[in-house]
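Structural overview
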Amino acid sequence: MAKKVMIDCDVGVDDALALILAFQSPELAVEAVTGVNGNVPLDNVFTNIQKILSLIQPKKRPLIARGAAQPLKGHALYAHSVHGKTGLGEAKIDLKKGEEWWTLFTGPAHELITKTARQYPGELTLIAVGPLTNLALGLQNDLEGMKKLKGVVIMGGAIRAGGNVTPYAEFNIYVDPLAAKMVFESGLPITLVPLDATHQVFLTPRWMDEQVSPLHTPFSNFVIEATNYNIETHRFKNRENIFLHDPLAVGAVIDQTLVKTERFSLQVETKEGEYYGKISETEEGPKINVCLGVDVERFLKLFVSGLK
Ligand code: RIB
Ligand code: CA
């Protein structure tokens with residue numbers, strides 16, 4: 001039986017790669033995809049979700065819903081420098097009128113999350129790869145519904161590794177630290193996939209040349225365009241490598257032996273200032289699983305298998 005999952009994302013390039021991996025994996029049944037403001041504004045995120053679903057053409061159309069356009073507190077912070085103007089790098093995907101590879105849920109994302117969790121009590125794993133605003137709204141509006149989730153796998157944070165927005169804070173947490181605090185203190189069965197793990201898995205020009213470019217599938221071609229890889233110069237545009245942050249969170253659900261976890265409680269700095277959005281180990285509060293080790297080779301093989 002495939003594991004039932006839903007994915008909350010801020011499509012961006014690595015979110016798109018995570019969606020491809022999830023839908024291509026026979027181990028997962030993706031019931032729903034929800035959008036949250038993050039890498040790019042919510043409208044772009046939601047359009048990108050539809051574009052990626054048009055590329056994937058899933059046999060079973062997932063429900064999709066729009067989520068928060070702003071963090072609970074503070075201001076949106078976009079990452080166009082990393083994900084490009086649209087959020088899909090240089091990839092161009094046209095939405096064909098009347099061709100909908102999804103079913104639109106007209107309520108907000110957090111309602112779809114708790115509704116789906118209630119529909120499959122104890123069976124649904126929520127994979128969150130953007131800021132955690134929708135999850136916090138789910139806790140605020142239907143805590144009992146959120147408690148019916150089997151698990152919550154979150155890409156975010158940096159424990160012993162440095163941050164990628166400030167020296168201390170990782171993007172998904174930094175955009176909405178108050179939401180992250182609510183989620184980490186909720187007592188939900190959480191597995192965190194922080195930069196400590198995701199910085200170990202990245203696409204190199206060599207991997208692109210040897211494993212991706214030769215595939216010539218719509219997915220491998222998308223990876224080349226979305227990551228701005230130049231097959232002539234064998235380089236990514238203004239970047240060494242491409243971190244597979246969000247795909248690793250999906251990989252950890254497909255095969256939990258790909259990651260090594262430790263259990264500890266986490267606190268989040270929600271006060272403005274130098275440490276805003278920083279996560280640190282603490283004694284009090286519910287313990288969560290934190291991924292610190294990765295079987296890099298096996299994960300990269302799994303990722304490439306999803307492009308075939
Ligand atoms: O810090 C990396 C995370 O922030 C990834 O989820 C990326 O898509 C951005 O949302
Ligand atoms: Ca993301």
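Values in this document were obtained by computation on a predicted structure and should not be read as measured data. (Residues numbered from 1 in each chain as written. Chains lettered and ligands numbered in written order. Predicted model: local features only at pLDDT ≥ 70, side-chain atom pairs only at ≥ 80, totals over all residues. Heavy atoms only, no water.)

To continue, consider the overall build of the protein. For the protein, the helix and strand inventory stands at 13 helices and 14 strands. In terms of overall size, the protein behaves like a compact globule, its C-alpha atoms giving a radius of gyration of 18 Å where 308 residues would be expected to give roughly 19 Å. In terms of overall dimensions, the protein has C-alpha extents of about 50 × 40 × 35 Å along its principal axes. The contacts of the protein with a sequence gap of at least 6 include a subset with a gap of at least 24, amounting to 82%. Accessible surface for the protein amounts to roughly 12900 Å². Of this, 51% is attributable to carbon and sulfur atoms. Here the protein contributes 31 positively and 35 negatively charged side chains, and the mean placements of these two sets differ by 4 Å. (Helix = DSSP H or I, 4+ residues; strand = E, 2+ residues; numbered from the N terminus. Rg over C-alpha atoms; globule rule 2.2 N^0.38 Å. Contact = heavy atoms within 4.5 Å. Areas by Shrake-Rupley, 256 points an atom, 1.4 Å probe, with all protein chains shown as cover. Lys, Arg positive; Asp, Glu negative; His and termini not counted. Charge placed at Lys NZ, Arg CZ, Asp CG, Glu CD.)

Moving on, we come to the coordination of the calcium ion (ligand 2). Ideal donor angles around a metal are set by the shape: a four-donor tetrahedron calls for 109.5 degrees, a six-donor octahedron for 90 or 180 degrees. Donor atoms from the polypeptide that coordinate the calcium ion (ligand 2) comprise Asp10 (OD), Asp15 (OD), Asp15 (OD), Val129 (O) and Asp246 (OD), at 2.2 to 2.6 Å from the metal. Counting the intervening residues between successive donors of the calcium ion (ligand 2) yields the motif D-x4-D-x113-V-x116-D. Within this pair, whereas Asp15 is found in helix H1 (residues 13-24), its partner Asp246 is found in helix H12 (residues 245-254), the two being separated by 231 residues in sequence. The same class applies to Asp15 as to Asp246, namely buried. (Donors = N, O, S within 2.8 Å, 3.2 Å for Na, K, Ca; no water. Buried < 20%, exposed > 50% of the residue type's maximum accessible area, 1.4 Å probe, protein only.)

Another aspect to go through is the environment of Ile190. Checked against the element boundaries, Ile190 lands in strand S7 (residues 190-193). Once the C-alpha coordinates of Ile190 and Ile288 are considered, the two residues, 98 residues apart in sequence, prove to be 5.3 Å apart. Here Ile190 is in contact with Val152, Ile154, Val183, Phe184, Ile288 and Asn289, once residues within four sequence places are set aside.

Our focus in this paragraph is the side chain of Glu170. Within the secondary structure, Glu170 sits in the loop between strand S6 (151-155) and helix H7 (171-175). Despite being buried, Glu170 has no salt bridge partner; Lys278 is the closest side chain of opposite charge, sitting 13 Å away. Only 2.8 Å separates the side chain of Glu170 from the backbone nitrogen of Gly157, close enough to count as a polar contact. Looking at Glu170, its side chain comes within polar contact range of the main-chain nitrogen of Ile173, at 3.2 Å. In this structure Glu170 touches Met155, Gly156, Gly157, Ala158, Gly163, Asn164, Val165 and Leu195, once residues within four positions along its chain are discounted. (Salt bridge = Lys/Arg side-chain N within 4 Å of Asp/Glu carboxyl O. Polar contact = N/O pair within 3.5 Å; in protein donor to acceptor, adjacent residues only side chain to side chain.)

Among the 7 residues that make up strand S1 (residues 3-9), 6 are buried, leaving the element largely enclosed by the rest of the structure. The pairing of S1 with strand S2 (residues 28-35) spans 7 bridges and is parallel. Directly across from Lys4, in S2, lies its bridge partner Ala29. Following the chain from S1 across H1 to the adjacent parallel S2, one finds a crossover that is right-handed. Where S1 meets strand S5 (residues 124-128), 5 bridges bridge the pair, whose relative direction is parallel. By the bridge assignment, Met6 is partnered in S5 with Leu126. (Pairing = 2+ DSSP bridges. Right-handed = clockwise from strand over helix to strand, strands pointing away.)

Turning our eyes to something else, we now look at the state of the cysteines. Under the criterion given, the structure shown has 0 disulfides. Cys291 supplies the cysteine sulfur nearest to Cys9, a cysteine that is in no disulfide, at a spacing of 19 Å. Of the residues examined, Cys291 reaches a relative accessible area of 0% and is grouped as buried. (Disulfide = S-S within 2.5 Å.)

Enumeration according to the criterion identifies 14 salt bridges in this entry. Close ionic contact of Lys147 with Glu144 constitutes a salt bridge, the shortest N to O distance being 3.9 Å. Note on Glu144: relative accessible area 43%, which makes it partly exposed. Arg160 is the partner of Glu262 in a salt bridge, and the nearest nitrogen-oxygen pair spans 3.6 Å. Note that Glu262 is positioned in strand S12 (residues 259-268) and Arg160 in the loop between S6 and H7, a separation of 102 residues in sequence. One network of salt bridges, with partners in common, ties together Lys4, Glu31 and Lys60.

Taken together, Asp10, Asp14, Asp15, Asn39, Val129, Met155, Asn164, Glu170, Phe171, Asn172, His245 and Asp246 make up the full set of residues adjacent to ligand 1. For ligand 1, an oxygen atom lies 2.9 Å from a polar atom in the side chain of Asp15. Within the side chain of Asp246, one N or O atom sits 2.6 Å away from an oxygen atom of ligand 1. For ligand 1, whose accessible area on its own is 280 Å², the fraction buried by protein is 96%. Within the residue set of the shell around ligand 1, elements represented by two or more residues are H1, H7 and H12. Across the shell around ligand 1, the residue classes tally to 3 nonpolar, 4 polar and 5 charged. (Near = heavy atom within 4 Å. Nonpolar A, V, L, I, M, F, W, Y, C, P; charged D, E, K, R; others polar.)

Take the sheet that holds S7 next. Taken in spatial order, the 10 strands of this open sheet run S4-S3-S2-S1-S5-S6-S7-S14-S12-S13, and their pairing is mixed. Bordering the open sheet on either side are strand S4 (103-104) and strand S13 (279-282), each of which pairs with just one other strand. As defined by bridge partners, S2 adjoins strand S3 (residues 63-66) across 4 bridges and the pair is classed as parallel. Following the sheet pairing, Thr34 is matched in S3 by Ala65. Strands in contact with H1 are S1 and S2; relative to S2, the strand with the most contacts, it is inclined by about 155°. (Axes fitted to C-alpha atoms, helices over the stretch in contact; angles between N-to-C directions.)

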